[in-house]
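Here is what each chain is made of, one letter per residue.
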Amino acid sequence: MLQVPDVALAPMLPILIVLAGAIASTVLGFNLPRRALTIINLVMLMLSGVSMVTLWSGPGEVPLTAFGGSLQADNAALLLGLTILVGSVMTLLVSLDTAYRARVSFPEFDAMLMYAVTGTLIIAFSGDLITMLIGLEIMSLASYVLATLQDSRRAEESGLKYFLLGTVGSAILIYGIALVYGGAGSLNYAAIAAQTATLTPGNVGILIGGAVLLLAGFGFKVALAPFHQWTPDVYTGAPTSVSLFLSTVVKVAAFAGMLRVFSGALAAAPGWASTLQILIAATLIIGNAAALFQPNFKRMLAYSAVAHTGFLAMALLGTAEVGGAALGYYLLIYTLMTAAALAVVAALQRTEEGMTINDLRGLYYRHPAYAAALAVCLASLAGLPPFAGFFGKYLVFQAAFQNGYVWLSVLAALASVAALVYYLRPAMLMFMPDRTPAREYPHGERTPTTLTVALGVVGVTVLGILPNLWYGWVAVPGVWGALAGR
Amino acid sequence: MIHLMIFLPLLGSLLLFAVPPRWREEVAGFFAALTLGIGLLIWRGGGSELFSVPWVPALGITYSVALDGVSLTLALVTAFMSFVAVLYAARRVSNPGTMLSLVLAMETGLIGIFAARDLVLFYVFFEDALLPALLMLAIYGKPGRMRALVKFAAYTLFGSLLMLLSIIGVKYYGGSPTFALADLVQNPVTGTAQTWLYLGFLAAMAVKLPLWPMHAWLPDFHEQNHDSGVPDVMGTLYKVGGYGIFRFGLTLFPDASEALRPILMGLAAFTALYAAWIAFRQTDWKRLLAYAGLSHMGFVGLGVFSLNETATIGAMYLLAFQNVYTGALFLSVGMLQERIGSLSTRVGGVMTQAGALGGMTMALWFASIAVPGLAGFIGEFSVLLGAFQVQPWITAVATLSAIAAAAYALTAFQTTFWQGRPLGSVRVWDVRGTEWLVLGLPLAVAVFFGVYSAPALNLIQPAVRGVLATLGGQ
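Residues numbered from 1 in each chain as written. Chains lettered and ligands numbered in written order. Predicted model: local features only at pLDDT ≥ 70, side-chain atom pairs only at ≥ 80, totals over all residues. Heavy atoms only, no water.

*Asks:* What is the right way to look at the overall build of chain A in this model?
*Replies:* Tallying secondary structure elements over chain A gives 19 helices and two strands in all. Its C-alpha atoms give chain A a radius of gyration of 21 Å, near enough to 23 Å, the size a compact globule of 486 residues would have. C-alpha atoms of chain A, sized along the principal axes, occupy 75 × 55 × 40 Å. Within chain A, the fraction of its 486 residues that count as buried is 63%. (Helix = DSSP H or I, 4+ residues; strand = E, 2+ residues; numbered from the N terminus. Rg over C-alpha atoms; globule rule 2.2 N^0.38 Å. Buried < 20%, exposed > 50% of the residue type's maximum accessible area, 1.4 Å probe, protein only.)

Set out below in structure tokens:
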């Protein structure tokens, strides 16, 4: 008897709109200039956001699903999806100004970007491991192309590195999925979560192995030490707008996947939390220590992204409710501040190699608004109130601390001190008087980039003073308790 | 009213960027004076009651503020010294817009620290006061500022992040619904956890107090700051560690405070003596003042850690008025630098040409080394009197630093203002214009509260009694 698959369009709508943008870019690229495509894509992203807001399920409502629960538009997915869209919009806005200079101004750039966004949304909406893997692969393949698209040796090298290490990561991930399937007998998050309670000892071993391999695979994607080595090279070698995309949207998506798998499906499974704890400790130490010694500002931001992975991952150690809310808040803030900082770099750098920290000296007297904005972003990245980075850090500390990871919290606090030093140096150099000629690209200040920077700065300031505007949504009871679905 | 006092300076600070440069000095002065005026009105009205609304309900963070007793005293002193700093900066610093803006922004942070009755709010203001201080150092500092800046920020953040963990822990282990002080006191943490949390809290306060061995940022911070001394005034006000321990440390960690009392008193006494000893060797006025301030803060620590009523009252008194006379001394050093172009303590003969400057500086020094009849005496004497009843030997060690203070202060004063004027040196002009106010107002305050301490004590005493009563005091 032939069965009709459970296809529901409504929960897929946000993804389909973005996919339509990607296909439109592919097809219309022959006729339309790239700027027109970018604007179409921006509209598509907005529409996708609107469709997500309409999908929001109030208290008591059952979230919509498709494919028998393989794709679920629950509130967690929508919150993470909105964060992804914010990062994507910021990337597109910056690329409007810088893509031509970076020699990536082809329709393919937009198409690949939108395919990648489609993949990230599938991860956020995933209801089982296969859907998650499909999303992850779409995202990864598109990102490999994005990193290599620029016609330069550095971009090729970084793209190849990204591709080789990324595929290794994917292979490990798939092996992990296979083992989890072997252990739990299902690929569905909810079924795995139900199975982990009643397992025979033999299956527990397989499940632990699968969970740890999954952790390693995700470790590659989010850049947890020791799987982080590709990150600084790729972020530095790729065009800055691509680095912006990789360090915000792709990371948010990978964390969305981790949240689904570890705080949802495998929440009760043994073994992975203690392993993750060690990985986080290593990430905090290595990421922060390495960032301390970077003379190149863009590379420093790359290492800072690694260090932030450590902070973000601390949320996974909390209970699903507290940790999920913390991660949901922090990911948006992280996107806003990292994207705004990289947008300033993209606007002011002379070449795609970025700028050295010493080039920033006296920036306040040449580009006062950009300098002040960058200072706000760096203060927020360092976790200084009243900027939102403080609450993000506070929330993840709280999540880990309350779940008993006191020593990791202390280590994270100490690592933050090192972080402060490397964020502070460029931030303060910008305000020091300087008489040497300017070292920036003179025509960097353009409206879309300025808009991106303003979005980030206003976002981190407003959400820092009134965190409830976003935290009130992510902390709605029940959002993160149902990560695995019903 | 209270919110006005906290946020008016910040408003003024932001407004300064919109005002045409010609009017910036006047606007800044207006906002600083207005804040002080509102502070005095609050004082006339008998302080301001606790005001509390939820800020981030999901996290139990409230916006709770109150200004009474000790906090009102310190807030008034902050408003007063910020006004004096604005007055001086407007005349002394060229193109002072940014500096004035930073002074006002920092004032909000500082008053907020004193007003906060919620631990997270306290932390937020605590860090907010840091940003303008860093920017002042970055924009107006001397060539070695980067090192000083990183040192200052690293020490401060090291402490405050550990404090942040303690803050999370206090609420979590105590089971309090919110971070408001009143709720936290209702749900105390007990046992070993309390000691660990207190140590985390102390880490931040010891940096700000500052207490040996967490003091190393202080001399560099002052040395590398702008010559005018305006950032130093704000830096003096930034030593809020004593207040933090008094307000939050003692009330939230009573058992741990008693258990650690001898160790902490010992550290404080050592800080006082050690700093006085080092101050004696300094040839740079700002470093000298920095170490002198450190020595005073040792006294403040001694008083607070002793958990004795008299000593704690003395410590709060000292904390408030040390800001006044040490701040004014930094400004007088700034004036000296403007006249002779150096901060050396070995100039000689300035008194012969600038009698009023020398006289006022000397009077402020007398306040600083606790000559009776000036504000410093009441504070230091009460601290020693009270601390003797608790730990006589440790206090005896600290007393030595009072003698050392006289030695370093008078030596430096003598080699700068007396002795012979070197041949061929420039003519030094005396105090003029607003400079009279800048030095005169703090001096008047130091004399007034040295002779007639009742207004301040009336504010401080009940607050101290209230806090110590929860300890079962002595």
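*Asks:* Got a minute to help me understand the side chain of His222(B) in this structure?
*Replies:* Residue and element names in this part refer to chain B. Checked against the element boundaries, His-222 lands in helix α10 (residues 217–224). Residue classification places His-222 among the buried residues on the basis of a relative accessible area of 0%. Setting aside residues no more than four positions away along its own chain, His-222 makes contact with Asp-232, Gly-235, Thr-236, Lys-239, Lys-286, Ala-290 and Phe-330. (Contact = heavy atoms within 4.5 Å.)

*Asks:* I keep staring at the nonpolar core and nothing clicks. Help me out?
*Replies:* As a rule of thumb, soluble globular proteins bury nonpolar side chains together. In this structure, Tyr394(A), Phe397(A) and Trp365(B) are the most contacted members of the largest nonpolar core, which totals 388 residues. Counting residues per element, this core draws most heavily on helix α13 (residues 320–348) of chain A, at 21 residues. Setting aside chain neighbours within four positions, we find Trp365(B) in contact with Trp285(B), Leu288(B), Leu289(B), Ala292(B), Leu329(B), Tyr408(B), Ala409(B) and Phe413(B). (Core = buried A, V, L, I, M, F, W, Y, C linked by side-chain atoms within 4.5 Å.)

*Asks:* Just to check I follow, could you spell out the pairing of strand β2 (residues 61–67) of chain B for this structure?
*Replies:* On any regular strand, side chains alternate: one points to one face of the sheet, the next to the other face. All names here are of chain B. When you tally the buried positions in β2, you get seven out of seven residues, the bulk of the element. The two faces of β2 match: Ile-61, Tyr-63, Val-65 and Leu-67 on one face and Thr-62, Ser-64 and Ala-66 on the other face are all buried. Across six bridges, strand β1 (residues 48–56) lies against β2 in antiparallel orientation. Residue pairing for β2: Val-56 is matched across the bridge by Ile-61. Two successive antiparallel strands, β1 and β2, enclose a turn made up of four residues, where Gly-60 displays a positive phi of approximately 75°. (Pairing = 2+ DSSP bridges.)

*Asks:* Can you help me understand the packing of aromatic side chains in this one?
*Replies:* As enumerated under the stated definition, the model contains 44 aromatic pairs over all chains in all. Arranged with centres 4.7 Å apart and planes meeting at 50°, the rings of Tyr422(A) and Tyr423(A) form a pair that is tilted. One exposure class covers both Tyr422(A) and Tyr423(A), and it is buried. Pairing Phe114(B) with Tyr243(B) gives two aromatic rings, centres 5.1 Å apart and planes at 85°, and the pair type is edge-to-face. (Phe/Tyr/Trp six-rings, centres within 6.5 Å; stacked < 30°, edge-to-face > 60°.)

*Asks:* What is the right way to look at helix α3 (residues 75–98) of chain A in this model?
*Replies:* Along an α-helix, a turn takes 3.6 residues, which lines up residues three or four apart on a common side. Taking 1.5 Å of rise per residue, 24 residues should cover 34 Å, and α3(A) covers 35 Å from first to last C-alpha, within 8% of that figure. α3(A) sits mainly inside the fold: 22 of its 24 residues count as buried. (Expected span 1.5 Å × (residues − 1).)

*Asks:* Honestly, the pattern of salt bridges in this entry has me stumped. Any pointers?
*Replies:* Tallied over the full model, the rule gives 20 salt bridges over all chains. Asp110(A) is paired through a salt bridge with Arg34(A); the nearest N and O atoms lie 2.7 Å apart. One end of the pair, Asp110(A), is in helix α4 (residues 107–125); the other, Arg34(A), is in helix α2 (residues 34–55), with 76 residues separating them in the sequence. Grouping residues by exposure puts Asp110(A) and Arg34(A) together as buried. The closest approach of N and O atoms between Lys286(B) and Asp232(B), which form a salt bridge, is 2.7 Å. Within this pair, whereas Lys286(B) is found in helix α14 (residues 285–305), its partner Asp232(B) is found in helix α11 (residues 230–237), the two being separated by 54 residues in sequence. Across the pair, exposure class does not vary: Lys286(B) and Asp232(B) are buried alike. (Salt bridge = Lys/Arg side-chain N within 4 Å of Asp/Glu carboxyl O.)

*Asks:* Explanation requested: helix α2 (residues 24–44) of chain B in the structure shown.
*Replies:* Residue and element names in this part refer to chain B. Given a rise of 1.5 Å per residue, 21 residues ought to cover 30 Å, and the 30 Å separating the end C-alpha atoms of α2 matches this to within 8%. Those residues of α2 not exposed but buried are Arg-24, Val-27, Ala-28, Gly-29, Phe-31, Ala-32, Thr-35, Leu-36, Ile-38, Gly-39 and Ile-42. Elements that come into contact with the buried residues of α2 comprise α1 (2–15), β1, β2, α3 (69–92) and α4 (97–115). Phi for Gly-46, located one or two positions after α2, is positive at around 80°.

*Asks:* Would you take a moment to explain the interface of chain B and chain A for this structure?
*Replies:* Interfaces are often sized by the amount of accessible area the parts lose when they come together. Residue-level contacts link 35 residues of chain B with 37 residues of chain A. Taken together, the two surfaces of chain B and chain A that pack against each other cover about 3300 Å², and 83% of this comes from carbon and sulfur. The largest per-residue losses of area from chain B upon contact with chain A belong to Leu59(B), Leu165(B) and Ile168(B), which jointly make up 17% of the total buried on that side. Applying the counting criterion to the chain B and chain A interface returns zero salt bridges. One can count two residue pairs in polar contact (both at pLDDT 80 or more) joining chain B with chain A. Here the side of chain B that touches chain A takes 16 residues from helix α7 (residues 145–174) of chain B, the largest share from any one element. Considered class by class, the residues forming the side of chain B that touches chain A number 31 nonpolar, one polar and three charged. (Buried area = accessible area lost by both parts, 1.4 Å probe. Polar contact = N/O pair within 3.5 Å; in protein donor to acceptor, adjacent residues only side chain to side chain. Nonpolar A, V, L, I, M, F, W, Y, C, P; charged D, E, K, R; others polar.)

*Asks:* Would you explain the environment of Ala282(A) in this entry?
*Replies:* Residue and element names in this part refer to chain A. By the secondary structure assignment, Ala-282 is in helix α11 (residues 272–292). We classify Ala-282 as partly exposed; its relative accessible area is 25%. Measuring from C-alpha to C-alpha, the distance between Ala-282 and Pro-226 comes to 7.3 Å, with 56 residues separating the pair along the chain.

*Asks:* In this structure, what is going on with unusual backbone geometry? I would like to understand it.
*Replies:* Most peptide bonds take the trans configuration, and most residues that are not glycine carry a negative phi. Residue and element names in this part refer to chain A. In this chain, Ala-225 is followed by Pro-226 through a cis amide linkage whose omega measures 0°. Relative to the helices and strands, Pro-226 resides in the loop between α8 (201–222) and α9 (230–237). With omega at 10°, the peptide bond leading from Pro-385 into Pro-386 counts as cis. For Pro-386, the position within the fold is in the loop between α15 (368–382) and α16 (388–402). The residue Arg-103 is not glycine, and still its phi comes out positive at about 55°. Within the secondary structure, Arg-103 sits in the loop between α3 and α4. Note on Arg-103: relative accessible area 44%, which makes it partly exposed. Phi at Ala-223 takes a positive value of approximately 70°, unusual for a residue other than glycine. With respect to the helices and strands, the residue Ala-223 is situated in the loop between α8 and α9.

*Asks:* Explain a nonpolar patch on the surface here, please?
*Replies:* All names here are of chain A. Together, Val-458, Val-462, Ile-465, Leu-466 and Leu-469 make up an exposed nonpolar region whose accessible area comes to about 420 Å². If you tally residues by element for the nonpolar patch, the top one is helix α18 (residues 447–465), at three residues. Mapped onto the elements, Leu-469 comes out in helix α19 (residues 468–474). (Patch = residues over 30% accessible without salt bridge, like charges linked within 9 Å, V, L, I, M, F, W, Y side chains within 5 Å. Areas by Shrake-Rupley, 256 points an atom, 1.4 Å probe, with all protein chains shown as cover.)

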